[in-house]
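Notes for the structure review
These are the residues of each chain, in order.
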Amino acid sequence: MAGISRSAFYKYKDSIHVFNEDAGASIISITAILTDTTGTLSQFINKLYAMGANILTINQGAPNDGAAVVTVSYRTLYAEKTEKLLDQLRKLDGVIAVSRVIKGE
């Protein structure tokens, strides 16, 4: 048990789920080079959200020469739509480049 009272367990047992029980979901990591302008990262993240991505991590490096490298890991049920998502991200203002991080690289 998780260190909770019996009454709390039975009250909430139907609302508690095992972490990562979404067996059909895939975790995908992408890297992007974004211009150092206000709102660029925000619109990038909003597009991911709009395409059904559940963002797990965001790592952004310090801007250098007006651009910053950003790595985002997200969980999605739509891994087959990754290329479509990358194409849409590439069309955003302030996005210089986007690519999928392949495991083992």
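Everything here concerns the structure above.
One structure accompanies this document, and this report is about it. (Residues numbered from 1 in each chain as written. Predicted model: local features only at pLDDT ≥ 70, side-chain atom pairs only at ≥ 80, totals over all residues. Heavy atoms only, no water.)

**Observations regarding the overall build of the protein chain**
Our working rule: Put simply, DSSP marks the helices as runs of H or I at least four residues long and the strands as runs of E at least two long, and each gets a number from the N terminus on. Classification of residues uses two cut-offs on accessible area relative to the type maximum, computed with a 1.4 Å probe and protein chains only: under 20% is buried, over 50% is exposed, and between them is partly exposed.
Looking only at helices and strands, one finds three helices and four strands in the protein chain. Each helix (α) and strand (β) of the protein chain, taken in turn from the N terminus, gives the series α-β-α-β-β-α-β. Burial status across the protein chain gives 23% buried among its 105 residues.

**A word on empty space enclosed by the protein**
Put simply, the rule reads: Here a cavity means grid points, on a 1 Å grid over the protein atoms only, where a 1.4 Å probe fits yet cannot get out; a pocket means an open set of points with protein on both sides within 12 Å along at least five of seven lines; lining residues are those with an atom within 4 Å of a point. Grid points are joined across faces, edges and corners, and a volume is the space filled by probe spheres set on the points. All residues other than Ala, Val, Leu, Ile, Met, Phe, Trp, Tyr, Cys, Pro, Asp, Glu, Lys and Arg, Gly among them, are scored as polar; the first ten of these are nonpolar and the last four charged.
Under the criterion given, the structure shown has one cavity of 30 Å³ or more. Of the pockets and cavities examined, the largest cavity occupies roughly 60 Å³. Forming the walls of the largest cavity are I28, M51, A53, Y74, T76, Y78, K81, T82 and L85. Those elements that place two or more of their residues in the lining of the largest cavity are β3 (67-76) and α3 (82-90). The residue inventory of the lining of the largest cavity, partitioned by class, reads six nonpolar, two polar and one charged.

**Some points on helix α2 (residues 40-50)**
Side chains of residues three or four places apart in an α-helix project in the same direction, reflecting 3.6 residues per turn. To keep things clear, this is the line we draw: Throughout, the arc means that of the directions going from the helix axis to the C-beta atoms. Residues count as neighbours in contact if any of their non-hydrogen atoms are within 4.5 Å of one another.
Listing the buried residues of α2 in full gives T40, F44, I45 and L48. Down the axis, α2 shows its buried residues gathered within 130° of arc, on one side only. In α2, those exposed residues whose orientation departs by more than 90 degrees from the buried face are Y49 and A50. Where the residues of α2 are buried, they touch β1 (26-35), β2 (54-60), β3, α3 and β4 (95-100). Looking one or two residues beyond α2, the residue adopting positive phi is G52, at roughly 90°.

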